[in-house]
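# Structural characterization, general
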Amino acid sequence: MNNTPPEKSSTSDNAFLRIENLVKEYGAVAAVDRVSLTISKGELFALLGSSGCGKSTLLRMLAGFETPTSGKIFLDGKDITDVPPYERPINMMFQSYALFPHMSVWDNIAFGLKRDGIPKNQIESRVENMLQLVQLKPYAKRKPHQLSGGQQQRVALARCMAKRPQLVLLDEPLGALDKKLREQTQLEVVNILEQVGLTCVMVTHDQQEAMTMSSRIAVMSEGKFLQIGLPSDIYETPNCRFVADFIGDCNMFNGTLVVDEPDHVVVETPECRHYVGHGITGALGMDVSVAVRPEKIAVSRTRPEGEFNFCEGEVVDLAYLGSYTTYHLKLKSGMRLKASAPNVDRHRDGAPTWGDKVYAHWSQSAMVVLTS
Amino acid sequence: MKFLTRLKNIDWGRSAVLGVPYLWLILFLLLPFLIIFKISMSEMQVSRIPFKDIITYSDGALNLRLKLGNYLFLAQDPLYILTFISSLKFAFLTTLFCLLIGYPFALSMARAKPEYRATLMMLVILPFWTSFLLRIYAWKAILTSNGILNNALIAMGVIDEPLALINTPFSLTLGMVYAYLPFMIFPLYNNLVKQDPRLIEAAMDLGATPWTAFWKVTFPLSMSGALAGSLLVFIPAVGEFVIPELLGGPDSLMIGRVLWDEMFSNNDWPMAASVAVVLILIVIVPLVILNHQQEERGASGLA
C-alpha cells in the first residue's frame, strides 16, 4: 500500500521539493552539512536518524523556522529559502503537537484557515470535513487537555492539513503515543495523507515507524545523508556499516576479501568463510564487513554441507518473543551471533536450548558486503 | 467513643501544616479587621483611648450601641465619595500604565536568551535594595520646579519656564507606576517564560504573522499573569498613602491620605476606621468576583 513509491522518480523534472546543498551551521558545528534531496509529488518521505543527527534542523529549515547558512530550497519550482514560515504553503505537525491550549478542537483546526481570510461558511465546511476525516466530530468543542494522546495527535494532523498545504511536515508524529496505539495510528495517518493526496516529509528516530509509513527513507547521521532509498533497499542493501547497524538488527563479520570474481566473492573472517553470490567493487585483500540479518540465519544441530557460510556456536541466551525466538550464540572467536527463527510450531520440542552446540548457517544471497 | 475515633482519624500533621496559614490569616487579617470594624461603629471621645466601647453595662442593663453615622456620613459627604473615586481612578491609571509598560518589558525578558534572563530579573529587583521612601524623594528632586528635569530642559532650550510637574496628577501617577511596576512584571514574566515557544511557531506555520501570533496565542495565554499583576498593583495602589503624600497635590486626593488625616489630625478613630472598612470592601468585593470567574475559567481549561 505504502511501501511502493508512486513512481520511481527522482529526476529533476518532476521534483516537487528540491533541496540543494543545504547547510546549517551553529558556530563551528554543521548541524546539516551539504544536503541535497529531491522529492516528487505525493511522496511520503522519512528522515531517519538518532537524536542530534540534524533531521529536525532540516525539517525546521523546510518549515522556515531556521535560516540555512547556505543552500537553497525549491518548492514546485519556486525558491522558498528566504520566505518566512507564515507565507510558505507548508504546514507542520509538531512533536507533541503544540495545540493551542486556549482554543477548542474546532478553533485549532480553523486557525490556519482564518489567517487566509477564507469566507466563514467555507471555513466551517472545511473544518467539518477535517473533523470527519480524523473522526473527531463529537469532540469539536473540547479543549486539547480534555482529549487523549491519540485524539490530540489527530487534531494536530487535521490542523496541519486543513489549509491543504503543498507540503506537510511531520516531526516525530507518533512519538508521544504508546506502542500499541502508535502502530495502529501509523497506518491511519498514512491512509489519511494518501486520501488527501499530500506530499509529506516526516522526521523520526523510529525505524519501524519510518518503514511502515514512508515510501522512501533517508538515513541521516552527523548532518549528512548516508543512504536514500526504499525501505526495502535500506534494509536489504545498506550501503555502509552505520546504516546496516542502525536499521534493524545486524550481525557484522569483519574480515578481508580473498576471492574477487565478477559473479561472486569470498570474504575470510575469523569466524568463517563467506561465499557471497554477487560481485562487489573492491580489491583483493581489502578490509570489508559482511552483514547478515538475524532472520536470515538458520540454526541447526547438524553440520551443514560445504565449507562456506556457517559457523559453530553455543546457545548462551534465548529470547522467546512469541512470534519468533532469538538465539544468541557464542562463537569460538568470542563473537556473539544473533539468529532468529519463526515459531512455526506451537511446541518447541527438539529446538535448540541453553548450552546446546549448534550450527548457524545462511545462504549466499543473505549477506551484504560493506566496504565503508 | 465516636468522637474519639474521629479524633484519631484526623491527620494531625496535615492539619498542622494547613492550619498555619489559616491561623496567620485569622490572627493578622480577620482579627484586626474585626477590631477596626468595631471601632468604626463606636462613638468618638476625647480621651487617651479616642473611642467609646460599643457594649456598656449600667443600671443592670447591657447596652449595645452601634453608631452607623460614620457610614451614613461617608455615603453622603461628596468629599469622601470623590476621594474614593479619585483613588480608584489613580489606582486604575497606575495599573493600566504598569500593564502597558510592564508587558513589553516582561515579554522581552521572557524572550531573551536564558543566560541573560537572570541579569534582567536582577535589574528589576535592584531598586528594592534602596529604601522606598528614598526613591520617592528622588522623584521629588527630579520633578520640582528647579529640579533636575526642569533644569536640564531649560539648559537644552526646550522650555523657558520650569514646568509644573511636582504635586500634580502626573507626578502622582508617575511615582505610583514607578513604584509598582515590578509587581506587574514578575507575574507576567513568570507566565510568559513558561509559554511553549512552539505555540508561536505553530501559529506562524499556519499563516499568522508574528503580530497576529502574539494577539491570538501569546496574549490570551498570558491573561492569568496579567490579571495577577494587575491585582498586585491595583490593590495596594488604591490605599496608597506615601506616594500621594510626597508627589500628589491638592487635585490628586487619595483615600490613604484622608484616612491618615482622620486618624492623626482629627483624632477621629471611628471615622478613620469606617473609611478603612469601606476601602477594604472596595478592594475585596471585585477580587472575590474575579477569583470566582477565574475558577470557572480554570474548570473549563482556560487557566
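Residues numbered from 1 in each chain as written. Chains lettered and ligands numbered in written order. Predicted model: local features only at pLDDT ≥ 70, side-chain atom pairs only at ≥ 80, totals over all residues. Heavy atoms only, no water.

Within this structure, the stated rule accounts for 23 salt bridges over all chains. Between Glu-172 of chain A and Lys-55 of chain A there is a salt bridge whose closest N-O contact spans 3.9 Å. Here Lys-55 of chain A lies in helix α1 (residues 55–63) and Glu-172 of chain A lies in the loop between β7 (167–171) and α5 (179–196), a separation of 117 residues in the sequence. Note that Glu-236 of chain A is salt-bridged to Lys-296 of chain A, the shortest N-O span being 3.0 Å. With Glu-236 of chain A in helix α7 (residues 231–236) and Lys-296 of chain A in the loop between β14 (287–292) and β15 (298–300), the pair connects residues that are 60 residues apart, well separated along the chain. Each of Lys-24, Arg-60 and Glu-66 of chain A together with Glu-201 of chain B takes part in a single network of salt bridges with overlapping partners. (Salt bridge = Lys/Arg side-chain N within 4 Å of Asp/Glu carboxyl O. Helix = DSSP H or I, 4+ residues; strand = E, 2+ residues; numbered from the N terminus.)

All names here are of chain A. Across the sheet, which stays open at both edges, the 4 strands sit in the order β2-β1-β4-β5 with antiparallel pairing between neighbours. Each edge of the open sheet is held by one strand with a lone partner, namely β2 (29–40) and β5 (78–79). Both strand β1 (residues 15–26) and β2 contribute to a ladder of 8 bridges, which runs antiparallel. Its bridge partner being in β2, Lys-24 is matched across the sheet by Val-32. In the packing of α1 onto the sheet, the strands contacted are β1, β2 and β4 (70–75), and the crossing angle to β1 comes to about 120°. (Pairing = 2+ DSSP bridges. Contact = heavy atoms within 4.5 Å. Axes fitted to C-alpha atoms, helices over the stretch in contact; angles between N-to-C directions.)

Counting 48 residues, the largest nonpolar core has Ile-109, Met-161, Leu-170 and Leu-193 of chain A as its most contacted members. Of all the elements, helix α4 (residues 149–161) of chain A adds the most residues to this core, at 6 residues. The contacts of Leu-193 of chain A, once residues within four sequence positions are left out, are Leu-44, Met-161, Val-168, Leu-170, Leu-198 and Cys-200 of chain A. Listed in part, the 46 residues of the second largest apolar core include Trp-139, Ala-179, Val-238 and Met-271 of chain B. (Core = buried A, V, L, I, M, F, W, Y, C linked by side-chain atoms within 4.5 Å. Buried < 20%, exposed > 50% of the residue type's maximum accessible area, 1.4 Å probe, protein only.)

Residue and element names in this part refer to chain A. Residues other than glycine seldom take positive phi values, yet Ser-96 does so here, at roughly 50°. With respect to the helices and strands, Ser-96 occurs in the loop between β6 (90–93) and α2 (105–115). By relative accessible area, which is 43% here, Ser-96 ends up partly exposed.

What follows concerns the packing of aromatic side chains. On inspection of all chains with the given rule, the structure shows 21 aromatic pairs over all chains. Measuring from centroid to centroid gives 5.8 Å for Phe-73 of chain B and Tyr-80 of chain B, while their planes differ by 70°, and the two rings are edge-to-face. A residue is classified by how much of its surface remains accessible, and Tyr-80 of chain B, at 5% relative accessible area, is buried. A cation over an aromatic ring shows up here: Arg-18 of chain A above the ring of Phe-74 of chain A, its NZ or CZ 4.6 Å from the ring centre. The lysine or arginine in question, Arg-159 of chain A, covers the ring of Phe-100 of chain A, its NZ or CZ lying 4.7 Å from the ring centre. (Phe/Tyr/Trp six-rings, centres within 6.5 Å; stacked < 30°, edge-to-face > 60°. Lys NZ or Arg CZ within 6 Å of the ring centre and 35° of its normal.)

Here we take up the interface of chain A and chain B. Chain A puts 24 residues into the contact, and the matching count from chain B is 20 residues. Between chain A and chain B, a total of about 2,000 Å² is buried, with carbon and sulfur atoms accounting for 63% of that surface. The largest share of the area that chain A buries against chain B comes from Tyr-86, His-102 and Arg-115 of chain A, three residues that together contribute 31% of it. Between Glu-201 of chain B and Arg-60 of chain A there is a salt bridge whose closest N-O contact spans 2.6 Å. (Buried area = accessible area lost by both parts, 1.4 Å probe.)

It is worth spelling out the sheet that holds strand β8 (residues 199–204) of chain A at this point. Residue and element names in this part refer to chain A. Ordered in space as β6-β7-β8-β3-β9-β10, the 6 strands form an open sheet in which the pairing is mixed. Each of the sheet's edge strands pairs with one partner strand only, and the pair in question is β6 and β10 (224–229). Averaged over all neighbouring strand pairs, the angle between strand axes comes to 20°, with direction disregarded. Two strands pair when backbone bridges link them, and strand β9 (residues 216–221) and β10 are joined in this way by 5 bridges, in the antiparallel orientation. Paired with Met-220 across the strands is Phe-225, a residue of β10. Along the sheet, α4 contacts β6 and β7; its crossing angle with β6, the most-contacted strand, is approximately 175°. Set on the sheet, α5 makes contact with β3 (44–48), β7 and β8; between it and β7 the angle comes to about 170°.

Here we take up the side chain of Ser-274 of chain B. All names here are of chain B. Relative to the helices and strands, Ser-274 is located in helix α14 (residues 269–299). For Ser-274, the side chain forms a polar contact with the main-chain oxygen of Met-271, separated by 2.9 Å. With sequence-adjacent residues up to four places away left out, Ser-274 is seen in contact with Ser-40, Asn-70, Tyr-71 and Leu-74. (Polar contact = N/O pair within 3.5 Å; in protein donor to acceptor, adjacent residues only side chain to side chain.)

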